[in-house]
Amino acid sequence: MKHENLPNKKHKANNLSRRNFLGTTASAAAAFTIIPRYVMGGQGNTPPSDLINVAGIGVGSQGGGDIQQVCSPDVPIVRPQRNSNGTPMTKEQIAAQQARMAEMMKRNPPPGGQPGGQPAGQPGRQPGGQPNPNAAVQMGAAGSGKVIKLANIYALCDVDADYAGHIIKGYPKAKVYTDWREMLDREKSIDAVVIGTPDHNHALIAAAYMRAKKHVYLEKPMAKTIYECRKLAEIAKETGVVTQMGNQGHATEGTRKTVEWIQGDVIGRVREVLLSTNRPMGFWPQGDMKRPAGTTPPKNLKYDIWLGPAPEKPYNPDVLHFNWRGLWDYGTGAMGDMGAHIFDAPIWALNLGMPAKIQATSSPYSTDYMPLCELVTYEFPARGYLPPVKITWCDGGLRPPRPEGLEAGRAMKDATYIGDKGIITHGSHGAMPELIPADKNFKGPDPWLPRTGNIFEDWIDAIRNGKKSCNDFSIAAKLTEIMLLTNIAVLNQRANITLEYDAVNIKISNLPAADSLFHYEYRSGWTL
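1. Side note on the overall build of the protein chain
Along the backbone of the protein chain there are 12 helices and 17 strands. Of all 528 residues assigned to the protein chain, the portion counted as buried reaches 59%. Surface accessibility of the protein chain: about 21,700 Å² in total, with carbon and sulfur atoms responsible for 54%.

2. What about empty space enclosed by the protein?
Taken as a whole, this structure holds six cavities of 30 Å³ or more when the rule is applied. In this structure, the largest cavity is lined by 27 residues; those nearest its centre are Gly58, Gly196, Thr197, Pro198 and Trp324. Counting only elements with at least two residues in the lining of the largest cavity, the list comes to α6 (202–211) and α9 (303–307). Partitioning the lining of the largest cavity into residue classes produces 10 nonpolar, 12 polar and five charged.

3. Notes on the packing of aromatic side chains
Scanning the entire structure with this criterion turns up 12 aromatic pairs. Between the aromatic rings of tryptophan 284 and phenylalanine 322, the centroid separation amounts to 5.9 Å while the plane-to-plane angle is 85°, which identifies the pairing as edge-to-face. On the criterion of sequence distance, the pair formed by tryptophan 284 in the loop between β9 (270–276) and α9 and phenylalanine 322 in the loop between α9 and α10 (333–349) is long-range, its members being 38 residues apart. Taking relative accessible area as the criterion, tryptophan 284 reaches 5% and is therefore assigned buried. By relative accessible area, which is 3% here, phenylalanine 322 ends up buried. Ring centres 5.6 Å apart and planes at 80° place the aromatic pair tyrosine 303 and tyrosine 315 in the edge-to-face group. Pair noted here: tyrosine 303 is in helix α9 and tyrosine 315 is in the loop between α9 and α10, with a separation of 12 residues, a long-range link. Of the two residues, tyrosine 303 and tyrosine 315, both sit in the buried class. Through a chain of ring-to-ring contacts, three or more aromatic side chains come together here, namely Tyr303, Trp306, Tyr315 and Tyr330.

4. Side note on the packing of helix α8 (residues 253–263) against α10
When two helices pack together, their arrangement is given by the angle between the helix axes and by the axis-to-axis distance. One way to put it is that α8 packs onto α10 with a least axis distance of 9 Å and a crossing angle of 35°. When you trace α8 past α10, the crossing you get is right-handed. Residues Thr255, Arg256, Thr258, Val259, Ile262 and Gln263 of α8 pack against Asp344, Ala345, Trp348 and Ala349 of α10.

5. With respect to the nonpolar core
Side chains of a nonpolar character, in soluble globular proteins, are inclined to be buried together. Counting residues in each nonpolar core, the largest one holds 101 residues, and the members touching the most others are Leu232 and Phe343. With 11 residues, the top contributor of residues to this core is helix α12 (residues 473–491). Sequence-distant contacts of phenylalanine 343, defined by excluding residues within four places in its chain, comprise Leu275, Met335, Tyr378, Phe380, Ile391, Leu479 and Ile482. Counting residues in hydrophobic clusters, the runner-up holds 29 residues, among them Val70, Ala151, Ala192 and Trp459.

6. Description of α6
Of all 10 residues making up α6, nine are buried, and the element is well covered by its neighbours. Within the sequence span of α6, burial applies to His202, Ala203, Leu204, Ile205, Ala206, Ala207, Ala208, Tyr209 and Met210. Trailing α6 by a residue or two, lysine 213 shows a phi angle of about 70°, which is positive.

7. As for the packing of α10 against α12
One can describe the packing of α10 onto α12 by two numbers: an axis separation of 9 Å at closest approach and a directional angle of 125°. The orientation of α10 relative to α12 falls into the category oblique. When the axes of α10 and α12 are compared, the crossing they make is right-handed. Facing α10, whose interface residues are Met335, Gly336, Gly339, Ala340, Phe343, Asp344 and Ile347, α12 presents Lys478, Leu479, Ile482, Met483 and Thr486. Counted by class, the contact of α10 with α12 contains seven nonpolar, three polar and two charged residues.

Criteria and cut-off values
Throughout, a residue's number is its position along its own chain's written sequence, starting from 1. Totals for whole chains, interfaces and linings use every residue, but because this is a predicted model, local features are given only for residues with pLDDT of at least 70 and side-chain atom pairs only at 80 or more, for both listing and counting. Values reported for side chains reflect all heavy atoms of the structure, with hydrogen atoms and water molecules removed beforehand. Each helix is a run of H or I in the DSSP string that is no shorter than four residues. Each strand is a run of E no shorter than two, and both are numbered from the N terminus. Each residue gets one of three labels from its accessible area relative to the maximum for its type: buried under 20%, exposed over 50%, partly exposed in between, using a 1.4 Å probe on protein chains only. Note on areas: Shrake-Rupley, 1.4 Å probe, and residue coverage restricted to the protein chains presented here. A pocket here means an open set of points on a 1 Å grid, computed over the protein atoms alone, that has protein on both sides within 12 Å along at least five of seven lines. A cavity is instead a set of points where a 1.4 Å probe fits but cannot get out; residues with an atom within 4 Å of a point line either one. Grid points are joined across faces, edges and corners, and a volume is the space filled by probe spheres set on the points. Three classes are used, and their members are as follows: Ala, Val, Leu, Ile, Met, Phe, Trp, Tyr, Cys and Pro are nonpolar, Asp, Glu, Lys and Arg are charged, and the others, Gly among them, are polar. Paired rings are identified among Phe, Tyr and Trp, the last through its six-membered ring, by centres lying within 6.5 Å, and are further divided according to the angle between planes into stacked (under 30 degrees), edge-to-face (over 60) and tilted (the rest). An axis is simply a line fitted to the C-alpha atoms; with a helix, the fit covers only the stretch in contact. Between two such axes, the angle follows the N-to-C directions and lies from 0 to 180 degrees. Handedness of a crossing follows from how the near helix is turned relative to the far one, being left-handed for an anticlockwise turn of less than a right angle and right-handed for a clockwise one. Contacts between residues were defined by any pair of non-hydrogen atoms, one from each residue, lying within 4.5 Å. Working definition of a nonpolar core: buried Ala, Val, Leu, Ile, Met, Phe, Trp, Tyr and Cys residues. They are joined through side-chain atoms within 4.5 Å. Roughly parallel here means an angle under 35 degrees, roughly antiparallel means over 145, roughly perpendicular means 65 to 115, and every remaining angle is called oblique.

By themselves, these observations are geometric and do not establish any function.
Written out as C-alpha cells, the structure is:
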C-alpha cells in the first residue's frame, strides 16, 4: 500500500472483548452458543447489543445500495438524478435516456421477466446494479420499504464525498473518510467492511482489511487479475475472516432450484451451456476508440486514491464514476459486470473446475477500451462420471445459436443448459428457471440445498455464528478466475489458436506470451 498503517493501539477492556470475539469466530465457533435467528428478532433484525460495526468503502453507487441492504438509513435517502460521471442531468438528458432505454428494451427484450434479467427486489436500479438516474426517489431499505438492521453502519468512505453525498446523508452517525487507508489506521472498532469501489481497487483494499482481521464483503468481480484472485483467497484462508463476494444470485431460490434440478438429473447429462448478456450495449462505452483527453480533477475528488494501483493517467469526467468499466486499466468489461450473475449457476450445478481450453472472437477494440461485443467458448474436462462441457458466452447484445428443442417464438434467456433429456433455462441471477419442453405436472426434486436468506443476511449471520458464508472467497475466486480468462482470450485472439490453460501452474501452456496478462505492474507505491 502507499500509506503505512499505524501500530495498533490498546482498546478499552469491554471493546477488546467484543472485538476479539468477532475477530475469531470463524476459527472458534464451536466454543460459543449459536443463537437461532428467531431469538435475534427475526430476519433482517438483530438486537442492538449484538450489532457488529460495518464500514462502507466506495458507496456512491453499487456500494451504497449494498450498505442499505445491511442497515436501513436513519434519514431517507433521496437518489439524485445524475449522469454516469456524477453531474446533474438536465430535463433533456432525462428524456433522451428514457427514450434510449425504451428503444433498447424493445429491440432486446429482457429475459427472466425483469429489466435486464435482474431478479425482483432492486427498485430504482438500472440493470447491473447502477442507480437509475431517471428516478429521484426516496429510499428506505434500498427502496423496499422494509426496515433492515443487520449491523451498525459505523463509517463510510468514498473518494468523492459529493458523489456519495446522498448515501452519507442517510447515515448521519457514521464517521466519514475519503481515504480507506486512513480509516483502517484510525477506526479500530470496525468489525467488517463492504467494498464497492471500481474493480482495479478491489484486491488491495480487501487484502489490507483482511490482514487487519476485518470481515469482508467485496463486490463482484472479486479482483481485476487472476493473480489477485488467488492471493485474496490465500489471505482469507490464512486470516480466518468471513468473506463474501457480492454475487447476489448465489443466494437466490432460482439458483438453488437450478442446481437441484441439474444435479437431480432432471434433464440428464449436460454437455453444453449457452450464456449471454446485453452488456455493455446501452450502459457504458466500449469499442475501438481512444481514451478521452485529460483535464483537472474537481476538488471534491481524491483522484490519486481512486487511481490506486492503476497506471498514472489523467482524469476525465467521462471515465468516472461509471464508464471506467469499459477501460482495460480499471474494469473487466461485460463479463466482469454480469459474468458472476450468469456463470455462477452453471459452475455450481455442473461442479466445474477450470476450463482446459478457451477461445474468443470479438468486435474491434483499442489499447484503451474493450470490445463492444464478444463470443467466447470454454471447454471444461470430464469430472468423474460427468461428461465434458462446452460453454459459449456472448455479450454486447449477441445471443448464441438457438438450440434444437427451443420452441419457435421463445426468447432465449441468459442461461440455457442442454441435456440429453431436455433443456433448463433461466435469467440473470438464476431468475425463474424453466424446464423445456414445459411439463405442467413437473414439480422438481425435493429441495435439499440450504436456503440462507439473501447474500447480506448470510454474510452477517456467518460472522455472528462463526461459519463460512455461502459465497466466500474459496468459492468466488474460482468463479472470478474463469471470468477473467475471458479477457486474456480476447486479447490473444489474433494468435489464431485455442488457448490451453494450465490452472495448476497459472499459465497458458501453448502461448507463453499470454502469461503476462495474469497480473500487471502496480503504480509505484502500491502493493498487494
